[in-house]
Amino acid sequence: MLPVRASTTGHQDGEGSRCKPILTTFPLVSMKHVLVTGGAGFIGSNFVRHVLQVHPDLRVINYDALTYAGNLENLADIVGNPRYRFVRGNICDRRLVDEVIREHGVDTVVHFAAESHVDRSILDAGVFVQTNVLGTQVLLEAARVAGIEKFLHVSTDEVYGSLGPAGKFTEESPLHPNSPYAASKASSDLLALAYHHTFGLPVVVTRCSNNYGPYQFPEKLIPLMIINALNDRILPVYGDGLNIRDWLHVGDHCAAIDTVLSRGRLGETYNIGGNNEWKNIDIVKVILMTLGKPENLISFVKDRPGHDRRYAMDSSKLCDELDWQPAFTFEQGIVETIQWYVKHETWWRRVMTGEYQEYYRKQYHGA
Ligand code: NAD
Ligand code: TYD
C-alpha cells in the first residue's frame, strides 16, 4: 500500500528523534558561526541537531522568540554542548539581531523563523506579515550591514499556489500564493532575492514541500491525526480529503539545506520535495492502520477556505546540480514518526496545554 522511494540509508536512532547524517555531509567550508533563526521550532530544532552532529567545526547560535511553536525541550539533549548557544529574541528586533550577529561573530544565517501554519494565518494574518515579511527584512538588512557570508532563506512550495491533477512546480513556476501564510512567505522570498540582486547579499532560497517527523507541533496534519487517534478523538479531515501534499521527512529537508548551504549557487532558488504525493485521507488511514485504530474516528469537516488542491515539487535542479536525494522511504519515516509520538507523550501533552486548547476550540469548534 505504501509507495517505496529512494534508498534507505538514512534513519533515526532508537530514540527516533535524531536525524543521522544522511547522504550529504559536505564540510561547510569557512562557516564557523551559524545563526539559526527559529531553531526551537520543528524543522529548526532538527536542523540545529543535524549541524552539531555532522559539522564538528561549526558553532550554532539559535535565535528564537519562543512563540507557541518554539520549544526548548526540542533541544534538551544538546543543552551544554559548547558549540551551541540559545538567544531568546524576535527577528523583528533589529537592535538585538545586530548585537547577536556582532557578539557571536556570525558569518552564516539559516532563516527558519516564521509563523508557519496556514489555518492560523486564516484566523489572524497580521502576525504573519509582521514576522514573515517585516522580520525577514530586518534580518536581511542586518546581514547586509554585517557583511554576512551566506544567508539561506527557508521557504515553501506553497508560494507557487495550487496544481491541477498533473505537473509539478519547478523553480520557474510563477508565484501564486493563495493563503495569507503563503503570501507572506512569497513576499519574504522576493525580499531575499531582491537583497541579492540589489545589494549583492549572498542569498540562496530553498522551497520545500510538506515536512513530517519528530518534534512537529500538533497543529499540522500528521501529528494532529496521530495524537487524536491515540486519544480516540475524531480525526477532522477537511473537505473531501482528496487534497494532495508531497511529503518529505524532516531529516531529508535538513540534509538538503546543508547541501544548498554548502554548494548552492548564490541568488538561486532550489526546490526540495519528496516525490511522494499522498491524498490527505490516505495518510489519515495509514496512521489509523498503524495504530490499530478504527476508521470511524474519521470525520469530514468544513473545508479550509481557499484550500490548495495539490502540491508537488520537481526537485531535479537540486538532485542533478547538487547531487541530493531523499534518504527516507515514506514507509519507514511515517512508522518511525508514529512511534516517536507514541513514545513522547509527555512532550506532546505539555505543548498541547494552554494556548493550544484555545486554538483547537476556535479552529475545530468555531468557539
Ligand atoms: P514552526 O512553527 O514549528 O517553528 C517556527 C519557529 O520560529 C518557532 O520556534 C518560533 O518560536 C519561531 N519564531 C516565530 N516567530 C518568530 C519571531 N518573530 N522571531 C523569532 N523566532 C520566531 O515552523 P516549522 O514547521 O519548523 O517551519 C520552519 C520554516 O520552514 C518556516 O519558515 C516555514 O515556512 C518553512 N517550511 C515549513 C514546512 C513544513 O512542512 N513545516 C515546509 C516548507 C517550509
Ligand atoms: P497542514 O499540515 O496544515 O499543511 P499545509 O496546509 O501547509 O499543506 O495540512 C496538510 C493538509 O491536511 C492540507 O491539505 C490540510 C489538511 N488538514 C486536514 O484535513 N485536517 C486538519 O486538521 C489539518 C490541520 C490539515
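In what follows, the accompanying structure is described. Because the structure is a prediction, the values reported are computed rather than measured. (Residues numbered from 1 in each chain as written. Chains lettered and ligands numbered in written order. Predicted model: local features only at pLDDT ≥ 70, side-chain atom pairs only at ≥ 80, totals over all residues. Heavy atoms only, no water.)

### Structural notes on the overall build of the protein
Of regular secondary structure, the protein possesses twelve helices and twelve strands. By the compact-globule yardstick of 21 Å for 367 residues, the protein fits well, its C-alpha radius of gyration being 19 Å. Counting only C-alpha atoms and orienting by the principal axes, one finds that the protein spans roughly 55 × 40 × 40 Å. Relative to its full complement of 367 residues, the protein shows a buried share of 58%. Of all intrachain contacts in the protein linking residues separated by at least 6 positions in sequence, the fraction that spans at least 24 positions is 84%. With the model as given, the accessible surface of the protein reaches about 14,100 Å², and the carbon-plus-sulfur share is 53%. Measuring between centres, the 36 positive side-chain charges of the protein sit 3 Å from its 42 negative side-chain charges. (Helix = DSSP H or I, 4+ residues; strand = E, 2+ residues; numbered from the N terminus. Rg over C-alpha atoms; globule rule 2.2 N^0.38 Å. Buried < 20%, exposed > 50% of the residue type's maximum accessible area, 1.4 Å probe, protein only. Contact = heavy atoms within 4.5 Å. Areas by Shrake-Rupley, 256 points an atom, 1.4 Å probe, with all protein chains shown as cover. Lys, Arg positive; Asp, Glu negative; His and termini not counted. Charge placed at Lys NZ, Arg CZ, Asp CG, Glu CD.)

### Re the site of ligand 2
What surrounds ligand 2 is a group of 20 residues, the closest being Glu158, Arg245, Arg304, His307 and Tyr364. Side-chain polar atom of Glu158 to an oxygen atom of ligand 2: 2.4 Å apart, as the coordinates give it. A distance of 2.6 Å separates an oxygen atom of ligand 2 from a polar atom in the side chain of Tyr364. In the complex, 98% of the free accessible area of ligand 2, which totals 510 Å², lies under the protein chains. (Near = heavy atom within 4 Å. Polar contact = N/O pair within 3.5 Å; in protein donor to acceptor, adjacent residues only side chain to side chain.)

### Things to note about the site of ligand 1
Around ligand 1, 29 residues are found, and the nearest of them are Ile43, Asp64, Ser116, Tyr181 and Lys185. With respect to ligand 1, the backbone of Gly41 contributes an N or O atom lying 2.9 Å from an oxygen atom. Between a nitrogen atom of ligand 1 and a main-chain N or O atom of Ile91, the distance comes to 2.9 Å. Relative to its free-state accessible area of 830 Å², ligand 1 is covered by the protein chains to the extent of 97%. Only helix H1 (42-54), strand E5 (150-156), helix H5 (180-199) and strand E7 (210-212) provide two or more residues apiece to the shell around ligand 1. Each residue belonging to the shell around ligand 1 can be placed in one class, and the counts come to 13 nonpolar, 13 polar and three charged. (Nonpolar A, V, L, I, M, F, W, Y, C, P; charged D, E, K, R; others polar.)

### What about the environment of Lys362?
Along the chain, the position of Lys362 falls in helix H12 (residues 355-365). Looking at Lys362, the relative accessible area reads 43%, which means it is partly exposed. Each C-alpha atom, one on Lys362 and one on Phe330, is 32 Å from the other, the two residues being 32 residues apart in sequence.

### Remarks on the sheet that holds E7
If you trace the three strands from one edge of the open sheet to the other, you get E7-E9-E11, paired in mixed fashion. In the strand order of this sheet, the two ends are held by E7 and strand E11 (277-279), each with one partner. Each neighbouring strand pair of the sheet contributes to a mean axis angle of 50°, computed without reference to strand direction. Sheet topology note: the E7/strand E9 (residues 244-249) ladder contains three bridges and is parallel. What sits directly across from Asn211, in E9, is Leu248. (Pairing = 2+ DSSP bridges. Axes fitted to C-alpha atoms, helices over the stretch in contact; angles between N-to-C directions.)

### Here we look at the nonpolar core
By size, the foremost hydrophobic cluster in this structure holds 68 residues, and its most contacted members are Phe47 and Val110. Excluding residues that lie within four positions of it along the chain, Val110 makes contacts with Val34, Leu35, Val36, Thr37, Phe47, Leu152, Val154, Ile257 and Leu261. Counting 23 residues, the second largest nonpolar core, distinct from the first, contains Leu35, Val87, Leu96 and Ile101. (Core = buried A, V, L, I, M, F, W, Y, C linked by side-chain atoms within 4.5 Å.)

### Quick notes on the packing of helix H8 (residues 280-291) against helix H10 (residues 330-343)
Running from N to C, H8 and H10 point in directions that differ by 60°, and their axes come no closer than 11 Å. Taken together, the axis directions place H8 and H10 in an arrangement best described as oblique. Pair H8 / H10 crosses with right-handed handedness. Only Phe330, Ile334, Val335, Ile338 and Val342 of H10 make contact with H8, whose side of the interface consists of Ile283, Val286, Ile287, Thr290 and Leu291. (Parallel < 35°, antiparallel > 145°, perpendicular 65-115°, else oblique. Left-handed = near helix turned anticlockwise from the far one by under 90°.)

### Digging into the sheet that holds strand E4 (residues 108-111)
Spatially, E3-E2-E1-E4-E5-E6-E10 is the arrangement adopted by the seven strands of the open sheet, whose pairing is parallel. The strands lining the two open edges of the sheet, one partner per strand, are strand E3 (84-88) and strand E10 (269-272). Shown here is a sheet whose adjacent strand axes are inclined to one another by a mean of 20°, direction ignored. Where E5 and strand E6 (residues 203-208) come together, six bridges link them in parallel fashion.

### Remarks on the pairing of strand E2 (residues 59-64)
Counting buried positions along E2 yields five of six residues, so the element is predominantly enclosed. The pairing of strand E1 (residues 33-37) with E2 spans five bridges and is parallel. Across the sheet, residue His33 finds its bridge partner in E2, namely Arg59. Note that the unit made of E1, H1 and E2 has a crossover that is right-handed. The pairing of E2 with E3 spans five bridges and is parallel. (Right-handed = clockwise from strand over helix to strand, strands pointing away.)

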